[in-house]
Amino acid sequence: MSFAKLTVSALAITAAASAASARDQVQVAGSSTVLPYASIVAEAFGENFDFPTPVVESGGSSAGLKRFCEGVGENTIDIANSSRKIKDSEVKACAEAGVSDIIEVRIGYDGIVFASDKAGASFAYTPSDWFLALSDQILVDGALVANPNKTWADVNAELPAQSLQAFIPGTKHGTREVFEDKVILAGCEDTGAFDAIMNANGGDKKAAEKACISLRTDGVSVDIDGDYTETLARIESNKDGIGVVGLAFYENNTDKLQVATMSGIVPSTESISTGEYPVSRPLYFYIKKAHIGVIPGLKDFAEFFVADEIAGPDGPLAEYGLVADPELADTQETVASEAVLDANM
């Protein structure tokens, strides 16, 4: 993909000149899902602007937002990538550390898919299947019992009799929260276990939700704290393994992986953009407004990231697998106007 040489704004030039003593590279950290998109943009930005190429690191959404909220100053990062919205508790932690003005930027959408060895059996899942496979307790004959299931056929007689082995994102990843909410919790509700757990806890909904997403610790469910390449390596070493990964990662590894349907829907850019595929989520990055005008090129980088030619349906991010945001123009206005989140969200 070639990019036309872009003109740096007079404002950015002025900012760069006035910040001669400050750090001169934009620093980004966070979501491993957003990482490849941010890396593509950072490289193109370095090639097209008179600013150094931004430094982009991974570590997971929660870890990135934690670093983001450490404070204001050139020793802290400028942008946190996230595969989920920032939490109220994180906004509060930011404010307590002096990060009071945060710009939320939605870059597009991604789907969470269920990938397995290309040469293995094919799967057609529902959220109930995953709850019955991974939850530490399930409903059997009206009673909550420790999960006895050993194969996918134990979970659902229509599935292959393949040993249960799942590689799921670790708890520091934003993908994990979406997986828990849209798959495990949904399955808990669909099987009736949620109501049984809530009744057993005196009607405590929050306690029931927490119990629903409590997963097995017997080795069937394995947390992956690294990025999706680690998940792929686990599947390659254990052909029974099913990995929970982003759509874009799967689409860039179709020579090794196949993908399952969820509730009868094949994950694709189209089924995610229409909302038909049930396990999808928006992707974000968060900008520390106090660093705009201090860290050279920060706003230019953000505007470049969400430009039509980058994040639009015909841009390089869509080529890699990002589902373009139909409301991208609103996001562009948010960045241009430096509109911040409501501190009382």
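Data block above holds the structure.
Cut-offs and rules
- Positions within a chain are numbered from 1, following the residues in the order the chain's sequence is written.
- The predicted nature of this model means local features are confined to residues of pLDDT at least 70 and side-chain atom pairs, given and counted, to a pLDDT of 80 or more, with totals for whole chains, interfaces and linings taken over all residues.
- By convention in this description, side-chain values take in all heavy atoms of the structure and omit both hydrogens and water.
- Each helix is a run of DSSP H or I of at least 4 residues and each strand a run of E of at least 2, with the numbering of both proceeding from the N terminus.
- Burial classification: accessible surface area is computed with a 1.4 Å probe over protein chains only, and a residue below 20% of its type maximum counts as buried, one above 50% as exposed, and the rest as partly exposed.
- Whether two residues are in contact is decided by their heavy atoms, any of which lying within 4.5 Å being enough.
- Surface accessibility follows the Shrake-Rupley procedure with a 1.4 Å probe radius. Residue values consider only the protein chains on display as shielding.
- Charged residues are defined here as Lys and Arg on the positive side and Asp and Glu on the negative side; His and the ends of the chain fall outside this count.
- The location of each charge is read from NZ of Lys, CZ of Arg, CG of Asp or CD of Glu.
- Criterion for a disulfide: a pair of cysteine sulfur atoms at a distance within 2.5 Å.
- A pocket, in this scheme, is an open set of points on a 1 Å grid over the protein atoms alone with protein on both sides within 12 Å along at least 5 of 7 lines, while a cavity is a set where a 1.4 Å probe fits but cannot get out; residues line either one if an atom lies within 4 Å of a point.
- Grid points are joined across faces, edges and corners, and a volume is the space filled by probe spheres set on the points.
- Note on residue classes: Ala, Val, Leu, Ile, Met, Phe, Trp, Tyr, Cys and Pro are nonpolar, Asp, Glu, Lys and Arg are charged, and everything else, Gly too, is polar.
- Residue types Ala, Val, Leu, Ile, Met, Phe, Trp, Tyr and Cys, when buried and joined through side-chain atoms within 4.5 Å, form a set referred to as a nonpolar core.
- The axes are straight lines fitted to the C-alpha atoms, using for helices just the contacting stretch, and the angles between their N-to-C directions are given from 0 to 180°.
- Roughly parallel covers angles under 35 degrees, roughly antiparallel covers those over 145, roughly perpendicular covers 65 to 115, and oblique covers all other angles.
- Left-handed describes a crossing whose near helix is turned anticlockwise from the far helix through less than a right angle; right-handed describes the clockwise counterpart.

Enquirer: Could you clarify how one ought to interpret the overall build of the chain in this entry?
Expert: When helices and strands are counted, the chain shows 16 helices and 13 strands. Dimensions along the principal axes, computed over C-alpha positions, put the chain at roughly 70 × 45 × 35 Å. Expressed as a percentage of its 345 residues, the buried residues of the chain come to 51%. When contacts within the chain are restricted to residue pairs at least 6 apart in sequence, those whose partners lie at least 24 apart make up 75%. Carbon together with sulfur atoms contributes 49% to the accessible area of the chain, which is approximately 14,600 Å² in total. The centroid of the 25 positive side-chain charges in the chain is displaced by 5 Å from the centroid of its 51 negative side-chain charges.

Enquirer: Which parts of the structure should I look at to understand the state of the cysteines?
Expert: Considering all chains together, one arrives at two disulfides under this definition. The disulfide that involves C188 links it to C212, with 1.9 Å between the sulfurs. With the S-S bond torsion at -50 degrees, the cross-link from C188 to C212 turns out left-handed. Residue C188 is found in helix α7 (residues 174–191), and its partner C212 is found in helix α9 (residues 205–212); the two are separated by 24 residues along the sequence. In this structure, C188 and C212 share a single accessibility class: buried. With its bonded cysteines labelled in order along the sequence, the chain shows the pairing 1-2, 3-4.

Enquirer: Which parts of the structure should I look at to understand empty space enclosed by the protein?
Expert: Once rolled over the atoms, a probe with the size of a water molecule shows which space is left empty. Inspection of every chain in the model, using the stated rule, returns one cavity of 30 Å³ or more. The calculated volume of the largest cavity comes to roughly 50 Å³. Around the largest cavity sit S32, I168, P169, H173, I224, G226, D227, Y228, T231 and V244, which together line it. Those elements that place two or more of their residues in the lining of the largest cavity are β8 (166–169) and α10 (228–237). By residue class, the composition of the lining of the largest cavity is five nonpolar, four polar and one charged.

Enquirer: Quick question: what am I supposed to make of the nonpolar core here?
Expert: One broad trend across soluble globular proteins is that nonpolar side chains are buried collectively. One finds F114, Y125, W130, L134, W152, F179 and Y277 to be the most contacted residues of the largest nonpolar core, which totals 52 residues. Other than its neighbours up to four places away in sequence, W130 contacts F114, Y125, S135, W152, A166, F179, V183, I184, I242, V244 and M262. By size, the runner-up hydrophobic cluster in this structure holds 36 residues, among which are A38, F45, I103 and I310.

Enquirer: Could you clarify how one ought to interpret the packing of helix α2 (residues 35–48) against helix α13 (residues 298–305) in this entry?
Expert: Each pair of packed helices can be summarised by the angle the axes make with each other and by the distance between the axes. For the pair α2 and α13, the least separation of the axes is 10 Å and the interaxial angle reads 120 degrees. Compared by their axis directions, α2 and α13 come out oblique. Judged by the twist between their axes, the crossing of α2 over α13 is right-handed. Contact with α2, carried on its side by Y37, A38, V41, A42, A44, F45 and N48, involves D300, F301, F304 and F305 of α13 and no other residues of that element. Its residues assigned to classes, the contact of α2 with α13 comprises nine nonpolar, one polar and one charged.

Enquirer: What am I meant to see in the environment of A248 here?
Expert: Mapped onto the fold, A248 is located in helix α11 (residues 247–251). On a C-alpha basis, the gap between A248 and G111 in space is 8.0 Å, while along the polypeptide they are 137 residues apart. Residues in contact with A248, not counting those within four places in the same chain, are Y37, D110, Y320 and G321.

Enquirer: Quick question: what am I supposed to make of the layout of surface pockets here?
Expert: Approximately 280 Å³ is the volume attributed to the largest pocket. Along its surface, the largest pocket is lined by E177, E180, D181, L185, K206, E209, K210 and I213. Sorting elements by how many residues they give to the lining of the largest pocket places α7 first, with four residues. Volume-wise, the second largest pocket comes out at about 190 Å³. Residue lining of the second largest pocket: 13 residues in total, with S32, P36, Y228, F249 and Y320 positioned closest to the centre.

Geometric values such as these leave the question of function open.
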